[in-house]
Amino acid sequence: MFNINKLAITVTSLCILSVSACTSDGDQTTIATTTPTVSQDSTPQQLSATAQTWLDAHNKYRRLHKVADLKWSDKLAKSAQAFADTCPQGHSSTNYGENLAWGNWADKVNVPVDKWYTLEEPKHNYASNEFSTQSGHFAQLVWKNTTEVGCAYKQGCQFQAMKNGSAYVCLYNPAGNVIGDFTKNVLPKN
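So, here's what we can say about the structure.

The rules behind each value
Residues numbered from 1 in each chain as written. Predicted model: local features only at pLDDT ≥ 70, side-chain atom pairs only at ≥ 80, totals over all residues. Heavy atoms only, no water. Helix = DSSP H or I, 4+ residues; strand = E, 2+ residues; numbered from the N terminus. Phe/Tyr/Trp six-rings, centres within 6.5 Å; stacked < 30°, edge-to-face > 60°. Buried < 20%, exposed > 50% of the residue type's maximum accessible area, 1.4 Å probe, protein only.

**Some details on unusual backbone geometry**
Cis rather than trans, the peptide bond between Asn173 and Pro174 has omega equal to -15°. In this structure, Pro174 sits in the loop between β7 (162-173) and α5 (182-185). Look at Lys66: it is not a glycine, yet its phi comes out positive at around 55°. If you trace the backbone, Lys66 turns up in the loop between α1 (49-64) and β4 (71-72).

Shown next as structure tokens:
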């Protein structure tokens, strides 16, 4: 039996990278914790609270687009942590899908996911349904063909004018944002 726990967080700033786009905004958001989902590369055990928060934040938005929940991948999370530990200033050269964010939220790991969705979904053009630097994080987040996610963060990073912030990294398998596949993978909200 799992309890539903709610956590309210006030956000003060966000910088997210999608090719060359960077956005700042602030608001308040709420998340819920539910049953863990783990991919085959993970042992069948309950996820850490942080991993569960990452996963719940992703699946909350995927459900709005009627796509399957993601499963947590320890393998992807380990790779995400290795990259986050470098306090990255831009995307890696991984073959996985990748969303990055920088902020001052410490362990409030749902915040970057909430921002990838709330700031970018309204900018996505469903009529043309093509890649855009204005909605690339959103598209990866809800990409129908993606089945696994692993995320991590590193505190004490500097990015542009932000000092002692955190770098947040999520990796996705299979990768989204595939040119020519948007119509069948980025579905409108229902």
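**Overview of the packing of aromatic side chains**
Within this structure, the stated rule accounts for 8 aromatic pairs. Here the aromatic rings of Trp105 and Tyr168 are separated by 5.2 Å at their centres, their planes lie at 40°, and the arrangement is tilted. With Trp105 in the loop between β5 (97-103) and α3 (110-120) and Tyr168 in strand β7, this residue pair connects regions lying 63 residues apart in the sequence. Each member of the pair, Trp105 together with Tyr168, is buried. On the basis of an interplanar angle of 20° and a centroid distance of 5.7 Å, the ring pair of Tyr153 and Tyr168 is categorised as stacked. On the criterion of sequence distance, the pair formed by Tyr153 in strand β6 (residues 148-159) and Tyr168 in strand β7 is long-range, its members being 15 residues apart. Ring-pair connections join several aromatic residues into one group, and the members of that group are Trp54, Trp105, Tyr153 and Tyr168.

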